[in-house]
Amino acid sequence: MSTASAYLTVRGIDVDVIYKDIKNLHIGVYPPMGRVRVAAPQRLDDDQVRLAVIQRLPWIKRQRKELQDAPRQSEREMVTGESHYVWGVRRRLKIAERPGRAHLEVYGERLVLYTPADSPVDKRREYLDHWYREQLREAIPDLIARWEAKLEVSVPKWTIRRMKTKWGSCNRETRHIWFNVELAKKHPDCLEYIVVHEMAHYFERNHGDRFTKLMDKYLPDWRGRRDQLNGAPLAEETW
Ligand SMILES: [Zn+2]
């Protein structure tokens, strides 16, 4: 029994397809970004899968909208004991009350926020958001430099921003790459995967065969890294 996979873009939506020894086609929409994954019987080909996805687009869009409207995580209260992810590691937050400027650091197993006792919760969230951005700003230049050398292209500009449905994106004309701030919560391997993925778009717009081959060549374990980025399915439908 053989399995094959494909990476399609259907009406602007990225779809991962895996062909398996199964009877029915399954479509799943995965949090947090609403990634679409299809398990398809081997008798089907990419075009037939594409058609099946198009037929289910209203359902897929509803699932994605639900995910995007759902609160990202239970609202963070920014109190001691609460857990927060940093580079794929779950850390307990410790609030260290002290006057003066806020400051965040990883200390031992903990993520420590030094802040005045009366600092409001939304301010504390803002500090954390800035800190995550800082982590990315420190990590990204080395990764980009490494992959610029390997792929023999340059990245003239990159930016960190909050995105609801994407881990990264790029403008092929200006070569500008955007990174989702949420990447600072994931294992660094995931960030590298996004760097390589977006840079691979310089050579290939779509997620077709050519794109998959590029990824296989340069980052053979990219599928595992991608799966690490995307959790368990929100819902799965069979027909
Ligand atoms: Zn892409």
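Residues numbered from 1 in each chain as written. Predicted model: local features only at pLDDT ≥ 70, side-chain atom pairs only at ≥ 80, totals over all residues. Heavy atoms only, no water.

Draft legend 1. Expanded view of the pattern of salt bridges. Taken as a whole and assessed by the stated rule, the structure comprises 14 salt bridges. Where D129 meets R162, a salt bridge forms, and the shortest distance between an N and an O atom there is 2.4 Å. With D129 in helix α3 (residues 121-151) and R162 in the loop between β9 (158-161) and β10 (168-170), the pair connects residues that are 33 residues apart, well separated along the chain. For K185, the salt bridge identified is with E182, shortest N-O distance 3.2 Å. Accessibility expressed as a relative area gives 17% for E182, which makes it buried. (Salt bridge = Lys/Arg side-chain N within 4 Å of Asp/Glu carboxyl O. Helix = DSSP H or I, 4+ residues; strand = E, 2+ residues; numbered from the N terminus. Buried < 20%, exposed > 50% of the residue type's maximum accessible area, 1.4 Å probe, protein only.)

Draft legend 2. Geometry of the sheet that holds strand β8 (residues 110-115). Read from one edge of the open sheet, four strands run β5-β6-β8-β7, paired in mixed fashion. Of all strands in the sheet, those bounded by a partner on one side alone are β5 (83-86) and β7 (103-107). Direction aside, the axes of adjacent strands within the sheet are offset by 35 degrees on average. Here β5 pairs with strand β6 (residues 89-97) via four bridges, running antiparallel. Among the inter-strand pairings, S83 is bridged to a residue of β6, identified as R92. In this fold α3 packs onto β5, β6, β7 and β8, with an angle of close to 125 degrees to the strand it touches most, β8. (Pairing = 2+ DSSP bridges. Axes fitted to C-alpha atoms, helices over the stretch in contact; angles between N-to-C directions. Contact = heavy atoms within 4.5 Å.)

Function-wise, these values are silent; they only describe arrangement.
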